[in-house]
Amino acid sequence: TTDADGYFAYPSSATSVTIYRCDDTGSVAFTALGADVTITALTAGETLGLGIVGTTLTLYTNGVSTGATRTDATYSTGQPGIYCGNNVRLWNAFSANDL
């Protein structure tokens, strides 16, 4: 199956986020879409988001665009979700909203 196809924002450090495309064709491959984005370190209660409209992906912190966008037309439909890998990151909430 192709359950892991899509896009995600990965906080690679306290002040750096990478936007990835994930392709699942039986084995999962990750493609970084451009350079890391530098952000202000998030503290408890703050949010990180990835908005997707058409082929444009926009990174948000606390509901405000960071100004970082990426363009990719690989996936044009889908549903929001969250993926938690084996890294030590703590998530206490997830929400999906229309832009």
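Before reading further, recall that the structure is shown in the block above.
Residues numbered from 1 in each chain as written. Predicted model: local features only at pLDDT ≥ 70, side-chain atom pairs only at ≥ 80, totals over all residues. Heavy atoms only, no water.

With nine residues, the main nonpolar core is built from Y7, V17, I19, L33, V37, I39, L57, L59 and A68. Apart from the residues within four sequence positions on either side, L59 is in contact with A9, V17, I19, V37, I39, L48, G49, L50, V64, S65, T66 and A68. (Core = buried A, V, L, I, M, F, W, Y, C linked by side-chain atoms within 4.5 Å. Buried < 20%, exposed > 50% of the residue type's maximum accessible area, 1.4 Å probe, protein only. Contact = heavy atoms within 4.5 Å.)

Read across the open sheet, the three strands follow the order β5-β6-β7; overall the sheet is antiparallel. Looking at strand neighbours, the two that pair on one side only are β5 (48–53) and β7 (64–71), the edges of this open sheet. The mean angle between the axes of side-by-side strands here comes to 25°, regardless of whether they run parallel or antiparallel. Pairing of β5 with strand β6 (residues 56–61) involves six bridges; the strand directions are antiparallel. (Pairing = 2+ DSSP bridges. Helix = DSSP H or I, 4+ residues; strand = E, 2+ residues; numbered from the N terminus. Axes fitted to C-alpha atoms, helices over the stretch in contact; angles between N-to-C directions.)

What the rule picks out here adds up to two salt bridges. With its nearest N and O atoms 3.0 Å apart, the salt bridge here joins D23 to R21. Residues D23 and R21 agree in their burial class; the two are buried. Between D72 and R21 there is a salt bridge whose closest N-O contact spans 2.8 Å. Here R21 lies in strand β2 (residues 16–24) and D72 lies in the segment after β7, a separation of 51 residues in the sequence. There is no split in this pair, since D72 and R21 are both buried. Bridged by salt links that share partners, the residues R21, D23 and D72 form one connected network. (Salt bridge = Lys/Arg side-chain N within 4 Å of Asp/Glu carboxyl O.)

Here we take up the environment of L57. Relative to the helices and strands, L57 resides in strand β6. Judged by its relative accessible area of 0%, L57 is buried. The spatial distance from the C-alpha of L57 to the C-alpha of D72 is 7.7 Å, given a sequence separation of 15 residues. Ignoring any residue separated from it by four or fewer positions in sequence, one finds L57 in contact with Y7, I19, L33, L50, G51, I52, A68, T69, R70 and D72.

Further remarks concern the packing of aromatic side chains. Within this structure, the stated rule accounts for four aromatic pairs. The interplanar angle of 20° and the centroid separation of 5.2 Å between the aromatic rings of F8 and Y20 together place this pair among those described as stacked. Taken together, the residues F8 in strand β1 (residues 6–13) and Y20 in strand β2 connect sequence positions twelve residues apart. The exposure class assigned to F8 is partly exposed, which follows from its relative accessible area of 26%. (Phe/Tyr/Trp six-rings, centres within 6.5 Å; stacked < 30°, edge-to-face > 60°.)

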